[in-house]
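# A structural walkthrough
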Amino acid sequence: SGDRGATTALAWITRSNDSDTGLAFGTENGYLCVWKQSENEEWTETYCKRLTGSAEAQEIVGMAYDIGSTQLAVVHRSEVVHRFLVNSSMHPNPLGSKSISKHWPQAVGFGQTGARGPEIWSFGREDGVINVLNENGTIIQSWPTATVIGHAAINVKEDVMIIDDVAQGVALYKLSTSERVRTFPVPSSERRSRNVAFHDGGSAIVCGSDHGIVYIFDRKTGDTLDAIDMGIEDWVQSVVVRQDHAA
């Protein structure tokens, strides 16, 4: 419906024990929606609900899915972090929400997995602070990056994290030590957020731009593997990569 607003965040949902595929998306008016694709490639909407954000901002700016736990994390532009468990019908069931005062998320990801579920990492934009929440929603670490964060992604298996440093490009960090390893420069004419994602098991990094090009980098060498022209010289707002299994 029209009151949902523009789509502002996306996440693919897959399960290791069935062939169904889901697509979750958030909107500028705070709606979380999920579509399910069956084996005959038909799409049906399984869920759509307006989540409660802060009074300051309802827009959903980031989401992440963890295939191992089948959990979905969702963040608003201001303060609120949600955690859901997605069932076999592609219906997200709420596990809890956390309001973090004076925190303005720009992205979210899943970290190490504990006994009751994975950590959630919420990436703040202007202050560059990363808040790490355990499965109970307790903040167990706050890490200032001294960077304006446009987006972020985590690959736990490879022990790496990427952050869109809006001033320089894509920053690669070692997850366990928070050490900045490399920066992949991305041409830009203004300081706008660029979505980033891991691809091909974490060996490649995908990044949008403000001029209609999607860049793909080799994570280890830093080489540009491809530059995909989207056909318009405009901001590539969203980039999402589908993972088909838990490998």
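Data block above holds the structure.
The shown structure was predicted, so the numbers you read here are calculated from the model rather than taken from an experiment.

## Remarks on the state of the cysteines
Per the counting criterion, the structure on display carries 1 disulfide. Disulfide partner of cysteine 33: cysteine 48, at an S-S distance of 2.5 Å. Residue cysteine 33 is found in strand β3 (residues 31–37), and its partner cysteine 48 is found in strand β4 (residues 43–50); the two are separated by 15 residues along the sequence. Judged by its relative accessible area of 29%, cysteine 48 falls in the partly exposed class.

## With respect to the pairing of strand β7 (residues 80–86)
Within β7, 6 of the 7 residues are buried, which leaves the element mostly enclosed by the surrounding structure. Both strand β6 (residues 71–76) and β7 contribute to a ladder of 5 bridges, which runs antiparallel. Of the residues in β7, the one forming a bridge with leucine 72 is phenylalanine 84. Here β6 folds back onto β7 in antiparallel fashion, the turn holding 3 residues, of which glutamate 79 has a positive phi close to 75°. Of the strand pairs in this sheet, β7 and strand β8 (residues 92–99) are connected by 7 bridges, and their pairing is antiparallel. Note that in β8 the partner of histidine 82 across the bridge is serine 97. Hairpin connection from β7 to β8: 5 residues lie between these consecutive antiparallel strands, with methionine 90 at a positive phi of about 60°.

## What about the sheet that holds strand β16 (residues 179–185)?
Within the open sheet, the 4 strands sit side by side as β13-β14-β15-β16. Their pairing is antiparallel. The sheet is open, and its two borders are formed by β13 (149–155) and β16, each paired with just one other strand. Sheet twist, expressed as the average angle between the axes of neighbouring strands with direction ignored, equals 20°. Bridge analysis of strand β15 (residues 169–174) against β16 gives 6 bridges, and the strand direction is antiparallel. In the sheet register, leucine 172 faces β16, and the bridge partner there is arginine 182.

What counts and what doesn't
- Residues numbered from 1 in each chain as written.
- Predicted model: local features only at pLDDT ≥ 70, side-chain atom pairs only at ≥ 80, totals over all residues.
- Heavy atoms only, no water.
- Disulfide = S-S within 2.5 Å.
- Helix = DSSP H or I, 4+ residues; strand = E, 2+ residues; numbered from the N terminus.
- Buried < 20%, exposed > 50% of the residue type's maximum accessible area, 1.4 Å probe, protein only.
- Pairing = 2+ DSSP bridges.
- Axes fitted to C-alpha atoms, helices over the stretch in contact; angles between N-to-C directions.

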